[in-house]
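The residues making up each chain are set out below.
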Amino acid sequence: MKITLINPPHTAIGSRIPREHLPPLGLLNVGGPLIDAGFHVTLIDAEFGPMSLREIARRAQELETDVVMIGHSGSSSVHPTVVELSQLLKLSLPRSVIVYGGVHPTYHWEEILRDCAEIDVIVRGEGERTALELMRALRQGTPLERVRGLAFRKDDEVVGTPPAEMLLNLDDYRIAWELIDHGHYSYWGGKRAVVVQFSRGCPYLCNYCGQRGFWTQWRHRDPLKFARELARLHREHGVELINFADELPTGSPKAWKAFLEALIAEQVPLLLVGSTRAGDIVRDRDILHLYKRAGVIRFLLGIESYDDATLSAIGKGASTTEDQRAIQLLREHGIISMATYVVGFSERSDRDYWKSYRHLIRYDPDQVQLLYATPHRWTPFYQIAAEQRVIQPDTRRWDYKHQVLSTHGVPPWRVFLWFKCIEVLMQARPIVIARTLFHCDADYRHAMRWYTRIGRRVWFHEVFEFIFQTRLVTNGPTLQEFMGPTLADREYVLAKARVLRPARLARLE
């Protein structure tokens with residue numbers, strides 16, 4: 001059985017401007033178990049080029065594909081592309097089985113299977129074990145009802161099997177690094193790079209987060225095995241930079257410290273970038289020197305709002321004081337802080353945007369990334385925003401970098417003006433320019449210059465797009481009218497397994 005994994009091209013600005021690409025980790029995670037089980041697996045990464053949808057279908061046809069598996073990390077905004085691609089694939093390969101996985105199809109499986117006849121099966125939740133069991137069932141001709149975590153059509157009815165159990169031991173299934181040429185993937189200004197996960201999930205209750213329920217429960221890999229894998233990637237494939245896809249890699253202080261110490265012992269010159277919570281940085285203030293020695297060069301911190309009441313309302317579980325302290329601690333240890341700030345939670349007037357700018361100035365992050373609040377149907381935030389008007393009906397632009405919901409009191413053009421002005425004013429501060437040009441750490445200077453160069457290109461692209469290409473509706477439907485009722489009762493996707501973890505891992509919790 002020939003299986004083709006497809007990473008479709010994404011329309012988000014960030015995917016096109018840097019001209020650098022990271023490997024599609026989710027598909028590689030699925031590919032490893034399939035290869036080990038004897039299946040013939042090929043990857044088409046259509047981000048390169050990017051490939052047209054017809055080129056992808058033609059390539060899959062040349063491979064004589066039996067099963068196509070489609071997945072993408074930005075699954076909600078790329079979903080319209082997946083639907084169009086599936087239609088072309090069925091024309092080229094009418095006998096093939098098209099399987100779709102990722103966060104968006106995990107929650108929207110009923111309407112996808114109802115509205116898109118070309119998609120045959122949806123994998124819900126973690127894909128490693130479920131995709132393997134699905135392929136075995138297809139090869140052996142056994143009923144798909146016996147495989148947990150699937151959705152498909154039977155007798156013209158959409159069927160969903162019980163939720164799959166979460167993977168307790170994330171080291172049970174390996175990543176199929178052999179499916180990619182590492183020389184084609186780079187980040188951070190030409191550095192050979194990969195995406196990895198040390199952990200999955202997050203125990204915090206941010207009501208806008210679309211990932212928390214997908215992973216259901218926080219878990220981590222074996223710190224020593226993980227460090228050895230990263231070291232091997234450097235020694236055998238020349239990997240220079242590790243980009244963590246985790247929501248919270250630092251969730252267990254013991255496990256994270258064990259990983260840092262193990263990676264330091266490997267003596268490999270890796271750079272590490274990722275995201276974490278400000279509270280974990282403050283918690284780890286006594287071991288931040290280990291962060292630096294292990295290669296951590298930047299951590300993204302979700303600041304989200306200038307107002308403690310808003311942070312409480314969105315379930316952030318943090319405070320503005322803690323956020324500011326985390327940025328200070330990172331700077332003291334030569335680690336770049338990137339502050340993400342979300343517009344659209346509580347702003348009601350121009351004064352609120354001015355307060356946001358002043359708040360970010362006080363924080364003094366090295367880098368800043370502004371995002372728009374973007375609701376997902378399976379999160380509690382969706383119900384809070386249900387009566388807001390949709391101003392952007394093109395869901396391909398629901399990528400956090402386009403305003404999709406109206407704001408009270410401030411028209412979209414002025415929201416955009418505030419958004420872009422804050423970005424410029426934050427990154428053009430004399431103190432930031434001085435750090436970029438004269439910081440004593442060469443890796444720090446390189447990172448700041450690269451981000452400034454890419455940010456400048458993205459900034460002008462976004463301004464041009466807004467003026468000449470963006471079409472907003474003035475009296476659109478409410479969010480609930482546009483998307484449908486909430487799916488909050490499905491937020492937690494996986495069944496919690498009852499098997500005890502290995503004793504050594506349990507000691508690291």
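What you see is a predicted model; the values in this text were computed from it and never measured. Residue indices follow the written sequence of each chain, beginning from 1 at its first position. Where local features are concerned, this predicted model is filtered to residues with pLDDT of at least 70; where side-chain atom pairs are given and counted, the filter is 80 or more; whole-chain, interface and lining totals use all residues. Here the side-chain values reflect all heavy atoms present in the structure, with hydrogen atoms and water set aside.

Visitor: What am I meant to see in the packing of aromatic side chains here?
Guide: Stacked, edge-to-face and tilted labels apply to pairs of Phe, Tyr and Trp rings (six-membered ring for Trp) whose centres lie within 6.5 Å, assigned for plane angles under 30 degrees, over 60, and everything in between, in that order. Evaluated as defined, the whole model comprises 26 aromatic pairs. Centroid distance Phe-244 to Phe-259: 6.1 Å. Interplanar angle 75 degrees. Geometry classified as edge-to-face. Taken together, the residues Phe-244 in strand E12 (residues 241–244) and Phe-259 in helix H10 (residues 253–266) connect sequence positions 15 residues apart. Phe-259 sits in the buried class, given a relative accessible area of 0%. Arranged with centres 5.2 Å apart and planes meeting at 40 degrees, the rings of Trp-256 and Phe-259 form a pair that is tilted. With Trp-256 and Phe-259 both in helix H10 and three residues apart, this pair spans about one turn of that helix. Taken as a pair, Trp-256 and Phe-259 share a single burial class, namely buried. Three or more aromatic residues joined by ring pairs make a cluster, and in this case those are Phe-198, Phe-226, Phe-244, Trp-256, Phe-259, Tyr-291 and Phe-299. Taking NZ or CZ as reference, Arg-277 lies 3.6 Å from the ring centre of Tyr-204, over its face. Per the convention used, a helix needs a DSSP run of H or I reaching at least four residues, while a strand needs a run of E reaching at least two, with both numbered from the N terminus. Partly exposed residues are those whose accessible area sits between 20% and 50% of the maximum for their type, while under 20% is buried and over 50% is exposed, using a 1.4 Å probe and protein chains only. As a reminder, the over-ring test applies to NZ of lysine and CZ of arginine, requiring each to be within 6 Å of the ring centre and within 35 degrees of the ring normal.

Visitor: Hey, could you run me through the packing of helix H18 (residues 430–438) against helix H19 (residues 442–468) in this one?
Guide: Each pair of packed helices can be described by the angle between their axes along with the distance between the axes. Axis angles are defined between N-to-C directions and span 0 to 180 degrees, where every axis is a line fitted to C-alpha atoms and, for a helix, only to the segment in contact. Running from N to C, H18 and H19 cross one another at 125 degrees; their axes reach a closest spacing of 7 Å. In terms of orientation, H18 lies oblique with respect to H19. Between H18, through Val-432, Arg-435, Thr-436, Leu-437 and Phe-438, and H19, the contact on the second element is made entirely by Tyr-444, Arg-445, Met-448, Arg-449 and Thr-452. Residues that form the contact of H18 with H19 fall into these classes: five nonpolar, two polar and three charged. Geometric relationships in this document are graded by angle, where less than 35 degrees denotes roughly parallel, more than 145 denotes roughly antiparallel, 65 to 115 denotes roughly perpendicular, and other angles denote oblique. Only heavy atoms enter the contact rule, under which two residues are in contact if any of them lie within 4.5 Å. As a working rule, the residues Ala, Val, Leu, Ile, Met, Phe, Trp, Tyr, Cys and Pro are called nonpolar, Asp, Glu, Lys and Arg charged, and the rest polar, with Gly in that last group.

Visitor: Is there a simple way to think about the packing of helix H14 (residues 320–332) against helix H15 (residues 350–363) in this case?
Guide: Packing of H14 against H15 brings their axes to within 9 Å, and their N-to-C directions diverge by 45 degrees. Taken together, the axes of H14 and H15 lie oblique to each other. When H14 is examined against H15, the residues Thr-320, Asp-323, Gln-324 and Ile-327 are found in contact with a partner set consisting of His-359, Arg-362 and Tyr-363. In terms of residue class, the contact of H14 with H15 is made up of two nonpolar, three polar and two charged.

Visitor: Looking at this model, I keep getting lost on the pattern of salt bridges. Mind explaining?
Guide: Note on pairing: side chains with opposite charge can pair once their charged atoms come close. The rule for a salt bridge is simple: a side-chain nitrogen of Lys or Arg has to be within 4 Å of a carboxyl oxygen of Asp or Glu. Going through the model one piece at a time under the given rule, you end up with 34 salt bridges. Put simply, Asp-364 and Arg-435 hold a salt bridge, and the shortest N to O gap is 2.6 Å. Remark: Arg-435 occurs in helix H18 and Asp-364 occurs in the loop between H15 and strand E16 (367–372); sequence separation between them is 71 residues. Among the ionic pairs, Asp-394 bridges to Arg-396, the shortest N-O distance being 3.0 Å. A residue is classified by how much of its surface remains accessible, and Arg-396, at 39% relative accessible area, is partly exposed.

Visitor: When you look at H19 in this model, what are you seeing that I'm missing?
Guide: The terminal C-alpha atoms of H19, which comprises 27 residues, lie 39 Å apart, in line with the 39 Å expected from a rise of 1.5 Å per residue. Buried within H19 we find Tyr-444, Ala-447, Met-448, Trp-450, Tyr-451, Ile-454, Val-458, Glu-462, Val-463 and Glu-465. Here a polar contact is taken to be a pair of N or O atoms separated by no more than 3.5 Å, where protein atoms must pair a possible hydrogen donor with a possible acceptor and residues adjacent in sequence count only if both atoms sit in side chains. Between the side-chain oxygen at the start of H19 and the backbone nitrogen of Asp-443 there is a gap of 2.8 Å, and the oxygen is on Asp-441. Here, expected helix span is obtained from the residue count minus one, scaled by 1.5 Å.

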